[in-house]
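Residues per chain are reported as follows:
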Amino acid sequence: MGSPRSEWVNSGAFIPENCALAGVKKWRDRTFVTVPRWTPGVPSTLNEVVYNEDNVPVLRPFPSLGWQDIRGYNPSAPSDVVLYVQSMEITPYGVMYVIDSGLLNLFVEDEYVWVAPALLEVDIRSGSTLKRWDLTNVSVTNVTFINDIVLDIENGFAYISDDAGDGGLIVVDLKHPNVMRRYVGESTMADPDSQNTYDLCGSKYTFGPSPSDGIALHPNRERLYYCALTGHTLYSLDATLFRNLSIDLEAVESSVMVHGEKASLSDGMAFTADGVLYYGNIEGCSVNYWDSSLGSLTTSNQLILQSTNGNLCNWPDTFGFDTEQRTLLLATNRLVQFINGVMDFSGQSGSNFHVLSYDIDALSYMYSSTSRLRPSWFGSSATIGNIIESLF
C-alpha cells in the first residue's frame, strides 16, 4: 500500500511543480500562506506553516483539508468547498478574511473553471467559518478574478480588487450579509500604453494586460490606494464615499486622485500604521517604500528597502506584518517564470519561493492610533468570546 502522498501524486491530485507560494500573513506566532490553484494538482490552497518531526517547515491545510478538498468536485453542482485562495487578511483579534476567487486552473485555458467568488470570515482559534458573503452580484461572470483584500476594521468594511477585464474595486460591508458594490473606471483598467513585454531582473518576459491588482488602505481609513499590475501609476479614491452606498459612484469617480508614477510595476503593496507605503518592485527584483505624507511620488522620495536580488526577490508578491517583531513579511515566487513554464525545479537556480522578513519597526495599517483592536461592531461569539488581548 502506498503512502498518502504517493496516492495523491499518482492520482494527479498533487503535482508538486504546480504548487507555487503567493500570499503570506502572520497572527501572533502562526504563519499562513496561500498556494493558488493556478494549475491542477494543488491539494490545499490555504495553509499554515508548521514544523514536522525533523524540524522542517511544511504546509498543513488550514483550517482543514476537507474545507478545501476538490477531489471529485463537480462545477455543475457547486458546493461550499473552497476552490482558490490567493489572498487573505487577518485582524488583530484573530479573525481571517479569506477570498475564495471561485475558480480553478487560471493559467490553463482548456481546464479553466469559473464558479463564483466569495468572502469568508474564519476564526483562527477554532478554525470555524463564521460568515460567508457571495460576491456574484459584484462580479462579471466568467471574467472576474478577485485578487487582493484590505480591511477597515474600525468601520467594518473589506476592500477587494478585481484583476481581470476592466478591473474593478469592491467594497463589502462586514456588518451585513449582502451589502456591497463595485467601482470600475479608467483608473482600474490596465495601462493602455502597455506593450506587455517587460524587463524583469535583466530578462524579457511577456504577460498582461492586467488591470487593478495591488490595493492598500491608508491607516486613517479615508483613502484606498490601488494600481494596475501592468501600469506604473498609483491612484487612490475616497474610501469614505465608496463605502457609503447612499452616495452614487459618480462621486466616487470624482474623488480619484493620481499620486504619480511608481518606480516599477508592482503586485502587492501595504501601508504601515504611520502612513508609509511599501510595494514590490517587480522590474528591479527589489522593494521600495514611500512616505505618503510627502505628497506625490517622485524619483527621489521612493526609497529602497530591498536592493536588487534576482534570487531572493524575484517577483515580490504579497506583504504581511509580524506585529510582535514589528517586521514586514514578503512572499516572493518568480511568478512570471511559473506562468511561462520556465521555472527551474531542479534546485540548481536556488529556491523558487521565499518568505522574507524586514525589520521596519512598524505595525500594519490596522494599528493606527485611532483604531480599536476589537471594534464594537464585531460583537462577541461563542468561538471568539472575549479572549482578545492587547498587543501593546
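You'll find the structure just up there.
Description of the structure in this document. (Residues numbered from 1 in each chain as written. Predicted model: local features only at pLDDT ≥ 70, side-chain atom pairs only at ≥ 80, totals over all residues. Heavy atoms only, no water.)

### A few points about the overall build of the protein
Okay, so step 1: Broken down by element type, the protein carries 4 helices and 27 strands.
Okay, so step 2: For the protein, whose C-alpha radius of gyration is 20 Å, the value lies close to the compact-globule estimate of 21 Å for 392 residues.
Okay, so step 3: Out of the 392 residues belonging to the protein, those deemed buried represent 57%.
Okay, so step 4: Long-range contacts, defined as pairs at least 24 residues apart, comprise 53% of the intrachain contacts of the protein with a sequence gap of at least 6.
Okay, so step 5: Surface exposure of the protein reaches about 16200 Å², of which carbon and sulfur atoms provide 49%.
Okay, so step 6: Charged side chains in the protein number 23 positive and 45 negative. The centres of these two groups are separated by 7 Å. (Helix = DSSP H or I, 4+ residues; strand = E, 2+ residues; numbered from the N terminus. Rg over C-alpha atoms; globule rule 2.2 N^0.38 Å. Buried < 20%, exposed > 50% of the residue type's maximum accessible area, 1.4 Å probe, protein only. Contact = heavy atoms within 4.5 Å. Areas by Shrake-Rupley, 256 points an atom, 1.4 Å probe, with all protein chains shown as cover. Lys, Arg positive; Asp, Glu negative; His and termini not counted. Charge placed at Lys NZ, Arg CZ, Asp CG, Glu CD.)

### Brief notes about the pairing of strand β18 (residues 223–228)
Okay, so step 1: Burial analysis of β18 places 6 of its 6 residues in the buried class, which makes it a mostly covered element.
Okay, so step 2: The alternating pattern of β18 places Arg223, Tyr225 and Cys227 on one face and Leu224, Tyr226 and Ala228 on the opposite face, and all of these are buried.
Okay, so step 3: With 5 bridges joining them, strand β17 (residues 212–217) and β18 adopt antiparallel strand pairing. Counted as the bridge partner of glycine 214 is cysteine 227 from β18. (Pairing = 2+ DSSP bridges.)

### Here we look at the side chain of glutamine 337
Okay, so step 1: Locating glutamine 337 in the fold gives a position in helix α4 (residues 335–339).
Okay, so step 2: Since its relative accessible area comes to 14%, glutamine 337 is described here as buried.

### Comments concerning the sheet that holds strand β2 (residues 30–34)
Pairing between the strands of a sheet is mediated by backbone hydrogen bonds and can be parallel or antiparallel.
Okay, so step 1: Within the open sheet, the 4 strands sit side by side as β1-β2-β3-β4. Their pairing is antiparallel. Each of the sheet's edge strands pairs with one partner strand only, and the pair in question is β1 (24–27) and β4 (57–61). Each strand of the sheet is rotated relative to its neighbour by a mean of 35 degrees, with strand direction disregarded.
Okay, so step 2: Note that β1 and β2 share 4 bridges and pair antiparallel. By the bridge assignment, tryptophan 27 is partnered in β2 with arginine 30. (Axes fitted to C-alpha atoms, helices over the stretch in contact; angles between N-to-C directions.)

### Regarding the sheet that holds strand β5 (residues 85–90)
Okay, so step 1: With antiparallel pairing, 4 strands are arranged side by side in an open sheet as β5-β6-β9-β10. Among the strands making up the open sheet, the edge pair consists of β5 and β10 (129–134). Strand-to-strand twist in this sheet, taken as the mean axis angle between neighbours without regard to direction, amounts to 20 degrees.
Okay, so step 2: As paired elements, β5 and strand β6 (residues 95–100) share 4 bridges and run antiparallel to each other. Bridge pairing links glutamate 89 to tyrosine 97 in β6.

### Overview of the state of the cysteines
Okay, so step 1: Taken as a whole, this structure holds 1 disulfide when the rule is applied.
Okay, so step 2: Paired through a disulfide, cysteine 201 and cysteine 285 show a sulfur-sulfur distance of 1.4 Å. Here the residue cysteine 201 occupies a position in the loop between β15 (197–200) and β16 (203–206), and cysteine 285 occupies one in the loop between β22 (276–281) and β23 (286–291), the gap between them amounting to 84 residues.
Okay, so step 3: A relative accessible area of 0% places cysteine 285 in the buried class. (Disulfide = S-S within 2.5 Å.)

### Section: the environment of aspartate 193
Okay, so step 1: Among the structural elements, aspartate 193 can be located in the loop between β14 (180–183) and β15.
Okay, so step 2: Sequence separation between aspartate 193 and glycine 231 is 38 residues, and the spatial gap between their C-alpha atoms is 8.7 Å.

### Observations concerning the pairing of β2
Okay, so step 1: Most of β2 sits inside the fold, with 4 of its 5 residues counted as buried.
Okay, so step 2: Bridging between β2 and strand β3 (residues 46–51) involves 3 bridges; their strand directions are antiparallel. Along β3, the bridge assignment pairs threonine 34 with leucine 46.

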